Amino acid sequence: MFKAKLLLTGLLVAFSFFAAGCGARVVATVNGKVITSGQLEEEVAHARKALEQQGVRFTAEEGQKMLDLLRRQVLEQMIAEELLLQEASRLQVEPNDQQVEEEIKKFRQQFESEAKYKQFLAANGFSEPKLKDYVKKSLAMQAVQEEAVKAVGEISEAQAKEYYEKNRDKFTAPEKIQMRLILVPVAGEGQKAEVEAKVAAMNILSRLKRGEDFAALAKETAGSANPAGDPYIFNRGEADPELEKAVLRLKPGEISPEPVRTKYGYYIIKLEKITPARVIPFDETKSEIVAFLGNQAREKAFADYLAGLKSKATIENKLPKESSGS
């Protein structure tokens, strides 16, 4: 669900929307309230940093196009936030100083020490006054969000049941295969490495046939697929095809008669059990369906509310649709 920048969940990646005096060029107005290029670029810089930490790269011509798109998306978000702040003022749901201080106190308690707290603020470009501003506006937007969805009623069991019946395919648990694995990798290329790996796998298999414990041998074997010796559980169709084909020839409790060659090396397999595919009963998933439908209803209510605010507002977005930079 769209969150109006809630403090405790959003602050770790918060954008500095409330920078003052940064850039004079107007990029948008919302009912006469100005958003400057400086404010926009500060938000964009934070968004870009967050994306780069996830592996996104803004390089060359393609990177510039991505940056232009990001800039437009961020400005749309800023416009939406300004609308929410103006609505909070109209509804008189802005937080008082005590509420703001309580939220800041909760946030500070997440840090081991005051020094760590100060370090976080400095690293994210927050001064104490700026943080207070941020919290106040975050709480105001949250209050509007709550106002927007308060008419959404509880999801009934009948509604949940109807969804379940119409979407039975979503409530089918696939067949599961539980097995233990020992892997002997092929160390190197050529016939010699291949033979050495297979001989090592055959030796392990011989020890198992003499009654040694599978889990204990898995822990002992350096190349084991699972050094802890714990079982693996796969959905049918998820495992390596050669591995799956071999394990499906076994009965529960049986060990593969020969090492199984895959691209990873030689596997020795012990099938523990196969759990057939089944339809999950409604009672087992009812609470999840109720929660899902409730969230869905609140998302729609809030989206409709925000669309209503936009339709009644005077908004001017001055950012070119195909901007080449700020």
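Note that the structure is predicted; figures quoted are calculated from it, not measured.

Quick notes on the rules
- Residues numbered from 1 in each chain as written.
- Predicted model: local features only at pLDDT ≥ 70, side-chain atom pairs only at ≥ 80, totals over all residues.
- Heavy atoms only, no water.
- Buried < 20%, exposed > 50% of the residue type's maximum accessible area, 1.4 Å probe, protein only.
- Helix = DSSP H or I, 4+ residues; strand = E, 2+ residues; numbered from the N terminus.
- Pairing = 2+ DSSP bridges.
- Phe/Tyr/Trp six-rings, centres within 6.5 Å; stacked < 30°, edge-to-face > 60°.
- Lys NZ or Arg CZ within 6 Å of the ring centre and 35° of its normal.
- Axes fitted to C-alpha atoms, helices over the stretch in contact; angles between N-to-C directions.
- Contact = heavy atoms within 4.5 Å.

K.L.:
Which residues make up the pairing of strand E1 (residues 26–30), and what values do they have?
P.N.:
The buried fraction of E1 amounts to four of the five residues, a majority that puts the element mostly inside the structure. Note that E1 and strand E2 (residues 33–36) share four bridges and pair antiparallel. Within E2, the position partnered with Val30 by the bridge is Lys33. Linkage of E1 to E2, two consecutive antiparallel strands, is achieved through a turn of two residues, within which Asn31 is found at a positive phi near 50°. Bridge analysis of E1 against strand E9 (residues 315–317) gives three bridges, and the strand direction is antiparallel.

K.L.:
Summarise the packing of aromatic side chains; cite the residues concerned and give the values.
P.N.:
Geometry of an aromatic ring pair is reported as the spacing of the ring centres plus the angle between the planes. Tallied over the entire structure, the rule returns eleven aromatic pairs. For the pair Phe107 and Tyr117, a centre-to-centre distance of 6.4 Å together with 65° between the ring planes defines the contact as edge-to-face. Separated by ten residues along the polypeptide, Phe107 in helix H4 (residues 97–108) and Tyr117 in helix H5 (residues 114–123) bring together distant segments of the chain. The class of Phe107 is buried, set by a relative accessible area of 1%. The exposure class of Tyr117 is buried, given its relative accessible area of 1%. Here the guanidinium or amino end of Lys130 rests over the ring plane of Phe126, the centre of that ring lying 5.9 Å away. In this arrangement the basic side chain of Arg261 is found over the ring face of Tyr266, its NZ or CZ atom lying 5.3 Å from the centre.

K.L.:
Explain the sheet that holds E1 to me, using residue names and the numbers behind them.
P.N.:
Within a sheet, adjacent strands bond to each other through the backbone by hydrogen bonds, running parallel or antiparallel. Taken in spatial order, the three strands of this open sheet run E2-E1-E9, and their pairing is antiparallel. Only two strands of the sheet have a single partner each, and these edge strands are E2 and E9. On average, each strand axis in the sheet is tilted by 20° relative to the strand beside it, whichever way the strands run. Where helix H2 (residues 37–53) meets the sheet, its contacts fall on E1 and E2, and the angle it forms with E2 comes to roughly 55°.

K.L.:
I'd like to hear about the sheet that holds strand E5 (residues 232–235), residue by residue, with values.
P.N.:
The sheet built from four strands is open, its strands ordered E5-E4-E7-E6 with antiparallel pairing. Edge strands, defined here as strands with exactly one partner in the open sheet, are E5 and strand E6 (260–262). On average, each strand axis in the sheet is inclined to that of its neighbour by 50°, with strand direction left out of account. As paired strands, E6 and strand E7 (residues 265–275) are joined by three bridges and run antiparallel to one another. Residue Arg261 lies in a different strand from E7, and its bridge partner there is Tyr266.

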